[in-house]
Amino acid sequence: MSADDLGMAQAPRRASVRLMFAHPAHVLALGAGSGLSPIAPGTVGTLWGWVSFLVIQQALVHSLSGPLLDVAWALILAVGWLVGCWACTRTAQAMRVADPGSVVFDEIWAFWLVLWVMSPVDVVGQVLAFVAFRFFDAVKPGPVGWADRLFKPVPGQPIGWGQGVGIMFDDLVAAACTLFVLALAVVVRQGGVTAGVLG
C-alpha cells in the first residue's frame, strides 16, 4: 500500500488550532481561524473575506488609484487563485477529506472577486452580494452543483491537486452566478434591457 493509499485509509482529521499552525498552507486555507467556527464555517469565512477585502482596499487606495487599483486587485486575485489551490490541496490532504467544510479560503477568494467586480458599491449592495453569494455557495443550484461535483474523487482515489482546484472552482462559479443575478436585478430595476438599449 502506497503512502497516499495509507493516508486515505486513515480516519479524517478534525480542523483545530494545532492543525492550522502545523503548516502555513493550513493557516491560509482555514481563513486564519475563521474556518474553525463550529457553526456555519463557510458563512464565517465569507464574513472574514468581506472584512479583509475592506482592509486591503483601504490600504491600496492610499497608494493607488484608477486603473492601477484594478491592476493590483487583478494580481492579488490571480496569485490568490494559485496559492489558494495549493493551500486547499495541502489542507485537504492533511485532513484526509476531499472538500473539508473548515477550508474557507475558497469563500474568501470568491467574495473578494465579487466585491472587486462590484466596486464601488455601498453597504446595501455589499449585503445583497453577501446574501446572494452565500445562497449559491451553500445551496449549490444548477451550475454551482455541477462545478462542485466536477472534481470529486472516486472512492479510494488519493486527494490530489484536482481536489484543490475543485474546492476553489465551485466558489468561482458561485461568484459568477452572484454577479449575474445582481447585474440582472439592476437591469430590471432600471426598466429592463430594452430601456437600457433605447434610453
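Above this text sits the structure in question.
Thresholds applied
- Residues numbered from 1 in each chain as written.
- Predicted model: local features only at pLDDT ≥ 70, side-chain atom pairs only at ≥ 80, totals over all residues.
- Heavy atoms only, no water.
- Axes fitted to C-alpha atoms, helices over the stretch in contact; angles between N-to-C directions.
- Helix = DSSP H or I, 4+ residues; strand = E, 2+ residues; numbered from the N terminus.
- Left-handed = near helix turned anticlockwise from the far one by under 90°.
- Contact = heavy atoms within 4.5 Å.
- Nonpolar A, V, L, I, M, F, W, Y, C, P; charged D, E, K, R; others polar.
- Phe/Tyr/Trp six-rings, centres within 6.5 Å; stacked < 30°, edge-to-face > 60°.
- Buried < 20%, exposed > 50% of the residue type's maximum accessible area, 1.4 Å probe, protein only.

1. Brief notes about the packing of helix 4 (residues 41-61) against helix 7 (residues 123-139)
So, step 1. Following both chains from N to C, one finds helix 4 and helix 7 inclined at 145°, their axes separated by 11 Å at the closest point. Crossing of helix 4 against helix 7: the hand is right-handed. Contact residues: helix 4 offers Gly 42, Thr 43, Thr 46, Leu 47, Trp 50 and Leu 54, while helix 7 offers Gln 126, Val 127, Phe 130, Phe 133 and Arg 134.
So, step 2. For the contact of helix 4 with helix 7, a count of residues per class yields 6 nonpolar, 4 polar and 1 charged.

2. So, the packing of aromatic side chains
So, step 1. What the rule picks out here adds up to 11 aromatic pairs.
So, step 2. Between the aromatic rings of Phe 53 and Trp 73, the centroid separation amounts to 4.6 Å while the plane-to-plane angle is 25°, which identifies the pairing as stacked. Here Phe 53 is found in helix 4, whereas its partner Trp 73 is found in helix 5 (residues 67-95), with 20 residues between them in sequence. Accessibility assignment for this pair places Phe 53 and Trp 73 in one class, buried.
So, step 3. A ring pair is formed by Phe 135 and Phe 136, whose centres lie 5.3 Å apart and whose planes are at 70°; its orientation type is edge-to-face.
So, step 4. Of the residues examined, Phe 135 reaches a relative accessible area of 43% and is grouped as partly exposed.
So, step 5. With relative accessibility at 11%, the residue Phe 136 sits in the buried group.

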